[in-house]
There are 2 protein chains.
Amino acid sequence: MPDPLRLYVDAQFTSPYAMSVFVALHEKQLDFDLSPVDLGALEHRAAGFSQLSLTQRVPTLVHGNFSLSESSAITEYIDETFAQGTALYPAEPRARARARQLQAWLRSDLMPIRQERSTEVIFYGPASAPLSAVAHQSAKTLFQVAQALLPDDAENLFGEWSIADVDLALMLNRLVMNGDAVPQRLASYADRQWQRPSVQSWVALERPLR
Amino acid sequence: MPDPLRLYVDAQFTSPYAMSVFVALHEKQLDFDLSPVDLGALEHRAAGFSQLSLTQRVPTLVHGNFSLSESSAITEYIDETFAQGTALYPAEPRARARARQLQAWLRSDLMPIRQERSTEVIFYGPASAPLSAVAHQSAKTLFQVAQALLPDDAENLFGEWSIADVDLALMLNRLVMNGDAVPQRLASYADRQWQRPSVQSWVALERPLR
Ligand SMILES: [Ca+2]
Ligand SMILES: [Ca+2]
Ligand SMILES: [Ca+2]
Ligand SMILES: [Ca+2]
């Protein structure tokens, strides 16, 4: 019997990083248990979860007696550990490097978009305030990078689908689903990515009322 | 003749992410050219660099006709592309996953330490203000994580040296070199890591006056 897998995520199912790992496990056709952690009630600071996650963050994946946090480290681990299902990263070294670049960039830059268009916009409903000037500047950079990386008429960034498509589509959908202006080619890409069954499994999770 | 390597870094040589890639290239015994980018003069937004880096960030590595940004993506690429020299990541899958977790965490959390103890503390001289309450809390988390990951009497996190040792030692040295209180075992670890010749090559770079 294989080691069981358990994924700890935020109880609202709005963390883009939790979503990325959830989608990865689905793409790999792995059975796993889902454990919501109520961050509002500080459950992530309680001794049990704190020992598992080390850094008190979600997502955390527990695989047998090994627990791991940080979503990009988790998706790399899943891809290396399980051969079944869909590959999460491109096989070609430079495409794989580019996917890692994009994952790291989306997690460390574009703060104005992440703040003014939290993922509640996607999973609960639109925000009312227009984008600030700095958020507009961040959006411009996001569009330039996405336009440069996404080939014309391509469904995915790197030929075959990869986990970087999920992360980029999520970032674009912070704007698309709020009704902010997004270049049509990028909005169409984000829409198509959103229809992927593994993504729709996350979207369909039953969320607590706000 | 192999494709040439060029590394773009900040002109003050204070970026911890530029340092991580610089050290990686040294550990791999690779010849490369170093190109300082004056961020204060907005050289990273000029057309030439902007096209190379895509996201207008340092570090950026150019390898032949391929250019790549985001330090952790770059060190992964270097490790996969060049077999020579010292391995940058642990070979054992779970240790490698832990190294990636640590890299991702050090780049996305601990913001109060990164703000109140910028790397100018290390490369130019100590800061005068004491740590705020939130920075103390961040330091406490940092120490807990480092204590949990570093085995007793160990020189490195994962047996053999890895690039994660550089990143953790840099984060600890923001505090150690400023005279802030750090548990002795962790301060000794950071001191030893700092003596590594590849790290000392970065420390010894001639910096512009402030
Ligand atoms: Ca995380
Ligand atoms: Ca519901
Ligand atoms: Ca970078
Ligand atoms: Ca000098």
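Our structure is the block above this text.
I will try to describe carefully the structure that is included in this document. (Residues numbered from 1 in each chain as written. Chains lettered and ligands numbered in written order. Predicted model: local features only at pLDDT ≥ 70, side-chain atom pairs only at ≥ 80, totals over all residues. Heavy atoms only, no water.)

**Quick look at the relation of the copies chain B and chain A**
Next, step 1: When chain B is fitted to chain A, the best match, at an RMSD of 0.0 Å, comes from turning it 180° and sliding it 0.0 Å along the axis. Considering both components of the superposition, the chain copies are consistent with a two-fold axis. Using C-alpha coordinates, one finds that chain B approaches the rotation axis most closely at B:Ser108, a distance of 3.1 Å.
Next, step 2: Looking at chain B, 100% of its interface residues are interface residues in chain A too, so the copies touch through the same face. (Least-squares fit on C-alpha atoms with pLDDT ≥ 70 in both. Contact = heavy atoms within 4.5 Å.)

**A look at the side chain of B:Glu27**
All names here are of chain B.
Next, step 1: Note that Glu27 resides in helix α1 (residues 16-27).
Next, step 2: Residue class for Glu27 comes out buried when judged on its relative accessible area of 7%.
Next, step 3: A polar contact is formed between the side chain of Glu27 and the side chain of Arg196, at a distance of 2.7 Å.
Next, step 4: Non-local contacts of Glu27, meaning those with residues more than four positions away in its chain, are made with Gly85, Thr86, Leu88, Trp161, Arg196 and Ser198. (Helix = DSSP H or I, 4+ residues; strand = E, 2+ residues; numbered from the N terminus. Buried < 20%, exposed > 50% of the residue type's maximum accessible area, 1.4 Å probe, protein only. Polar contact = N/O pair within 3.5 Å; in protein donor to acceptor, adjacent residues only side chain to side chain.)

**Digging into the sheet that holds strand β1 (residues 5-10) of chain A**
Residue and element names in this part refer to chain A.
Next, step 1: The four strands are arranged β2-β1-β3-β4 in an open sheet whose pairing can be described as mixed. Looking at the sheet topology across the chains shown, the edges are occupied by β2 (33-37) and β4 (66-69). Between one strand axis and the next, the sheet turns through 20° on average, direction left out of account.
Next, step 2: Strands β3 (60-63) and β4 of the sheet are contacted by helix α3 (residues 71-81), whose axis makes an angle of about 135° with β4. (Pairing = 2+ DSSP bridges. Axes fitted to C-alpha atoms, helices over the stretch in contact; angles between N-to-C directions.)

**A closer look at the nonpolar core**
Next, step 1: Membership of the largest hydrophobic core comes to 63 residues, with the highest contact counts inside it found for B:Ile78 and B:Leu142.
Next, step 2: The leading source of residues in this core is helix α8 (residues 163-176) of chain B, at nine residues.
Next, step 3: Residues within four places of B:Leu142 in sequence aside, it is in contact with B:Trp105, B:Leu106, B:Leu110, B:Ile113, B:Leu168, B:Met171, B:Leu172 and B:Leu175.
Next, step 4: Counting 62 residues, the second-largest nonpolar core is a separate cluster that includes A:Phe13, A:Ile78, A:Leu88 and A:Val199. (Core = buried A, V, L, I, M, F, W, Y, C linked by side-chain atoms within 4.5 Å.)

**Some words on the interface of chain B and chain A**
Next, step 1: The partner chain A presents 32 residues to the 32 residues of chain B that form the contact.
Next, step 2: Buried surface at the junction of chain B and chain A, summed over both partners, amounts to about 2,900 Å²; 54% is from carbon and sulfur atoms.
Next, step 3: Per-residue buried area on chain B facing chain A is highest for B:Leu54, B:Arg94 and B:Gln101; these three make up 23% of the total on that side.
Next, step 4: For the pair chain B and chain A, the number of links is eight salt bridges.
Next, step 5: Between A:Glu80 and B:Arg100 there is a salt bridge, with its nearest N and O atoms 3.0 Å apart.
Next, step 6: Inspection of the chain B/chain A interface yields 14 residue pairs in polar contact (both at pLDDT 80 or more).
Next, step 7: Among the elements that make up the side of chain B that touches chain A, the one with the highest residue count is helix α4 (residues 93-108) of chain B (eleven residues).
Next, step 8: Grouping the constituent residues of the side of chain B that touches chain A by class yields twelve nonpolar, nine polar and eleven charged. (Buried area = accessible area lost by both parts, 1.4 Å probe. Salt bridge = Lys/Arg side-chain N within 4 Å of Asp/Glu carboxyl O. Nonpolar A, V, L, I, M, F, W, Y, C, P; charged D, E, K, R; others polar.)

**Structural notes on helix α8 (residues 163-176) of chain A**
Next, step 1: Counted at 1.5 Å a residue, the expected span for α8(A) with its 14 residues is 20 Å, and the 20 Å between its end C-alpha atoms agrees.
Next, step 2: Along α8(A), 13 of the 14 residues are buried, which leaves the element largely enclosed by surrounding structure. (Expected span 1.5 Å × (residues − 1).)

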